[in-house]
Amino acid sequence: MRTRFAPSPTGFLHIGGARTALFNWLYTRRHGGTFVLRIEDTDQLRSTDESTRAILDAMTWLGLNWDEGPYFQAERVVVHRQMVQKLIDEGKAYYCTCSSEDLEAKRKKAMAEGRKPKYDGACREKGLRRSPDSVVRFRCPEMGVTVMHDLIKGNISFNNEELDDLIIERADGYPTYNFAVVVDDAQMGITHVIRGDDHVNNTPKQILIYEALGYEVPLFGHVPMILGSDRARLSKRHGATSVMAYQEMGYLPEALVNYLVRLGWSHGDQEIFTIEDLIHAFSLEAVGKSPAIFNPEKLLWLNQHYITACPEEKLLALVTPFWERKEFDVSDRRYAALAAENLRTRSKTLVEMADSGAFYFREEVDYDPEAAAKFLTTEYVGYLEVVAERLPGVANYTKDGIEAFLRSLAEERGTKLKWIAQTVRVALTGRTVSPGIDEIMVILGKERVIRKIRRAIDRIRAGG
RNA sequence: GUCCCCAUCGUCUAGUGGCCUAGGACACUGGCCUUUCACGCCGGCGACCGGGGUUCGAAUCCCCGUGGGGACGCCA
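Scope of this entry: the structure provided in the associated data block. Each chain has its residues counted from 1, running along the sequence as written. A letter from A marks each chain and a number from 1 marks each ligand, given out in the order of writing. Side-chain atom pairs in this predicted model are given and counted only at pLDDT of 80 or more, local residue features only at pLDDT of at least 70, and totals for whole chains, interfaces and linings cover all residues. The basis for every side-chain value is the complete set of non-hydrogen atoms in the structure, without hydrogens or water.

In DSSP terms, a helix is any run of H or I states spanning at least four residues, a strand is any run of E spanning at least two, and both are numbered starting from the N terminus. Summing up its helical and strand segments, chain A has 20 helices and 12 strands in all. Expected size for 464 residues packed as a compact globule is a radius of gyration near 23 Å; at 31 Å, chain A overshoots this value by more than 25%. Considering only C-alpha atoms, chain A reaches an extent of 100 × 45 × 40 Å along its principal axes. Buried residues are those whose accessible area, probed at 1.4 Å on protein chains only, stays under 20% of the maximum for their type, while exposed residues exceed 50% and partly exposed ones sit between those limits. Counting only residues that meet the buried cut, chain A has 51% of its 464 residues in that class. Should any heavy atoms of two residues lie within 4.5 Å, those residues are counted as being in contact. If you take every contact in chain A between residues at least 6 apart in sequence, the share linking residues at least 24 apart comes to 76%. As used throughout, the charge tally considers Lys and Arg to be positive and Asp and Glu to be negative, leaving His and the chain termini uncounted. Just so you know, the charge point we use is NZ for Lys, CZ for Arg, CG for Asp and CD for Glu. In chain A, 62 positive and 66 negative side-chain charges are present, and the distance between their average locations comes to 2 Å. The reference for a compact globule is 2.2 Å times residues^0.38; the radius of gyration itself is calculated from the C-alpha atoms.

Here you go:
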């Protein structure tokens, strides 16, 4: 069994493409087949090397390794031209000199008149020869029915009269998609073509080309589209669509993979899947037929799940670049690891984790104005002073020891722990929301804590 | 417009004629825990698009509507 993923290098790998690649990859791994990567770069104008690289990077980041390739379609034009010639020789294709402008005008007219815009066959029987601006068209049968057997959608049949004589070779001598894809898939021995729903209408034309060329027709599987919240095709308007943008936003590849696979596919009530689970459980029969709407909240939830489940060293390795990006000194790995552990249950993304951990790495506390106005006041400064004074004498400097210390202080002062904790919290982190104050104090260490508290006291004494 | 496809909570989905007073998850929401937040735990809200059939019995099968998506390029 051989499958392929065949993106065109005209942009980044997007969410939809990634899911198609993932389904291909899982199906192939499940059945022990060979996964081929082919770059469809026959559009000379829009294909770029940067896009190719970006797509490869994204595939790698997601863990979708390929067994063969990447092959570049544009490097195979000689083969494509041979096959075009073969069709011409056999009378199954012909030259056409209709201009793009004429065709466009005819298309518009047909649409306006409520007809299906379809090539009128003007050059079909002219017996034209190759000329500088001629293209080659495939001679489509005008009657009969072509049926596609789809692994996801079941049988779909098309009346051949609906199909038209599509261009298979452009004036620039490069093959068009519908032709190149057939030649390449056939010659690369692809047995299962798993791709987006938007290709369903291309399939009958492709089947006809397979047959004209004497190739065996592969099995198809068309996966439904991913839509945005307004049910329109997913686009930038709905937020990030590039896979690598999710890496930058602090998502784990496991989360994206898990989210994407559940978009259209399910396995009973299971929500969380490891790659191993997926390889064992995945099947195209369980892929739904209807389009799915991309839901960023659920992806966020999964990301949080994977951050929570991530092994300690791995989590540290993952956040570190995000901290470095903020120019924090994270050279003390033991300290950084403690900070990461402390932040994990309250971070939905690595970016969030990096941001909320700023107080661990910056000497200067960035006080939230509202928090400071409420707690860094002469009313509460006494709490800070007593903490700073007595902290050096706290022998049991642990989470429990610190909590006991703060509680006894509250009792002594006739107040609730809450008020002391919040004041200290703002002094140490700059905000009213943070991890447990005792945990923070343990990780920061006595010296750092005292320094930060003294600085807060100075700030209050200076009048805010 | 023409052709193709699809249709269960707001969203992702379970469900393949009786197990369904329709299950799970996200989101939302009430409570518990609590030094704030988060996590966690317990509870709540919330759907079979409509109409006809078939059947003893339909979310499940058929037909017609309606709605949504896709395709209609010398893009892929």
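Read from one edge to the other, the open sheet built from 3 strands follows the order β4-β5-β8, with strand pairing classed as antiparallel. For this open sheet the edge positions go to β4 (93-96) and β8 (167-169), each flanked by a neighbour on one side alone. Across the sheet, the mean angle from the axis of one strand to that of its neighbour is 45 degrees, orientation sign disregarded. Only strands that DSSP links by at least two bridges are regarded as paired with each other. The pairing of strand β5 (residues 135-138) with β8 spans 2 bridges and is classified as antiparallel. Bridge pairing in β8 links R137 to I167. Here the axes come from fitting lines to C-alpha atoms, over the contacting stretch only for helices, and the angles between their N-to-C directions go from 0 to 180 degrees.

Along helix α8 (residues 253-262), 8 of the 10 residues are buried, which leaves the element largely enclosed by surrounding structure. Listing the buried residues of α8 in full gives P253, A255, L256, V257, N258, Y259, L260 and V261. Check the buried side of α8 and you find it contacts α1 (15-30), α2 (49-62), α7 (243-248), α9 (275-281), β12 (292-293) and α10 (296-309). One or two steps after α8, the chain reaches G264, where phi turns positive at roughly 110 degrees.

Looking now at the pattern of salt bridges. Salt bridge, as used here, is a side-chain nitrogen of Lys or Arg placed within 4 Å of a carboxyl oxygen of Asp or Glu. Inspection of every chain in the model, using the stated rule, returns 38 salt bridges. Ionic pairing is found between K92 and E90, a salt bridge with its closest N-O pair at 3.1 Å. According to the relative accessible area criterion, K92 is partly exposed, its value standing at 30%. If you follow the salt bridges from partner to partner, you end up with R4, R38, E40, R76, D184 and D185 in one network.

For this purpose, a residue is taken to be near a molecule or strand whenever a single non-hydrogen atom of the residue falls within 4 Å of it. By nearness alone, 62 residues border RNA strand B, and G114, R170, T345, R407 and D438 come closest of all. Polar contacts, as counted here, are pairs of nitrogen or oxygen atoms within 3.5 Å of one another; within protein the pair requires one atom able to donate a hydrogen and one able to accept it, and residues that are adjacent in sequence qualify only if both atoms are side-chain atoms. The separation between a phosphate oxygen of RNA strand B and a polar side-chain atom of R231 is 2.8 Å. Here a phosphate oxygen of RNA strand B and a side-chain polar atom of S266 are 2.8 Å apart. Residue assignment for the surface near RNA strand B shows that the elements contributing at least two residues are α4 (100-112), β7 (154-159), β12, α10, α18 (417-429) and α19 (437-444).

Running from N to C, helix α17 (residues 399-413) and α19 cross one another at 120 degrees; their axes reach a closest spacing of 8 Å. The angle between α17 and α19 falls in the class oblique. Along this stretch, α17 crosses α19, giving a crossing that reads as right-handed. Side by side, α17 and α19 meet where K399, I402, E403 and L406 of the first sit next to I437, D438, E439, M441 and V442 of the second. Here the contact of α17 with α19 is built from residues that sort into 5 nonpolar, no polar and 4 charged. Oblique is the label for any angle not under 35 degrees, not over 145, and not in the 65 to 115 range, which are roughly parallel, roughly antiparallel and roughly perpendicular in turn. In this scheme the handedness of a crossing depends on how the near helix is turned from the far one: anticlockwise by less than a right angle means left-handed, clockwise means right-handed. Under the scheme applied here, ten amino acids are nonpolar (Ala, Val, Leu, Ile, Met, Phe, Trp, Tyr, Cys and Pro), four are charged (Asp, Glu, Lys and Arg), and all others, including Gly, are polar.

Taken N-terminus to C-terminus, the directions of α1 and α8 make an angle of 85 degrees; their axes are 10 Å apart at the nearest point. In terms of orientation, α1 and α8 fall into the roughly perpendicular class. Here I15, A18, R19, L22, F23 and L26 of α1 come into contact with α8, specifically with L256, V257, L260 and V261. Of the residues that constitute the contact of α1 with α8, the class distribution is 9 nonpolar, no polar and 1 charged.

Regions of empty space are outlined by a rolling probe, equal in size to a water molecule, passed over the atoms. Grid spacing is 1 Å over the protein atoms alone, the probe is 1.4 Å, and a cavity is where that probe fits but cannot get out, while a pocket is an open set with protein on both sides within 12 Å along at least five of seven lines and lining residues have an atom within 4 Å of a point. Grid points are joined across faces, edges and corners, and a volume is the space filled by probe spheres set on the points. In this structure, the largest pocket encloses a volume near 1,300 Å³. As for the largest pocket, its lining consists of 41 residues, and the residues nearest its centre are S8, H14, D198, H199 and R233. Of all the elements in the fold, those that place two or more residues in the lining of the largest pocket are β1 (2-5), α1, α5 (177-187) and β9 (192-196). Of all the elements, α1 adds the most residues to the lining of the largest pocket, at 6 residues. Residue classes in the lining of the largest pocket are distributed as 15 nonpolar, 16 polar and 10 charged. Taken together, 34 residues make up the lining of the second largest pocket; nearest its centre are R107, Y119, R137, D164 and L166. Those elements that provide at least two residues to the lining of the second largest pocket are α4, β5 and α5. It is α4 that provides the largest number of residues to the lining of the second largest pocket, a total of 6 residues.

In this section: the state of the cysteines. Any pair of cysteine sulfurs within 2.5 Å is marked as a disulfide. Scanning all chains against the criterion turns up 0 disulfides. In this model C140 remains outside any disulfide bridge; the closest cysteine sulfur is found in C96, 14 Å from its own. Assessed through its relative accessible area of 2%, C140 is described here as buried.

Once that is clear, we can look at the side chain of N258. Among the structural elements, N258 can be located in helix α8. Within the local environment of N258, its side chain forms a polar contact with the side chain of Y306, the two groups lying 2.5 Å apart. When sequence neighbours within four positions are dropped, the list of residues in contact with N258 reads E271, I272, F273, L302 and Y306.

The next point concerns the packing of aromatic side chains. Aromatic rings in a pair are described by how distant their centres are and how their planes are angled relative to each other. Aromatic rings from Phe, Tyr and Trp, taking only the six-membered ring of Trp, are treated as a pair when their centres fall within 6.5 Å; an angle between ring planes under 30 degrees marks them as stacked, one over 60 as edge-to-face, and anything in between as tilted. Under the definition given, this model contains 15 aromatic pairs. Ring centres of Y259 and F294 lie 5.4 Å apart, and the angle between their planes is 90 degrees; this geometry places the pair in the edge-to-face category. With a gap of 35 residues between them, Y259 in helix α8 and F294 in the loop between β12 and α10 connect regions that are remote in the sequence. Like F294, Y259 is buried. A connected cluster of aromatic rings, assembled from ring pairs, spans W323, F328, Y335, F359, Y360 and F361. Stacked on the ring of Y119, the Lys or Arg R137 has its end atom at 3.4 Å from the ring centre. The side chain of R448 reaches across the aromatic face of Y335, ending 4.0 Å from its centre. In this scheme, the term charge over a ring applies when either NZ of a lysine or CZ of an arginine sits within 6 Å of the ring centre and within 35 degrees of the ring normal.

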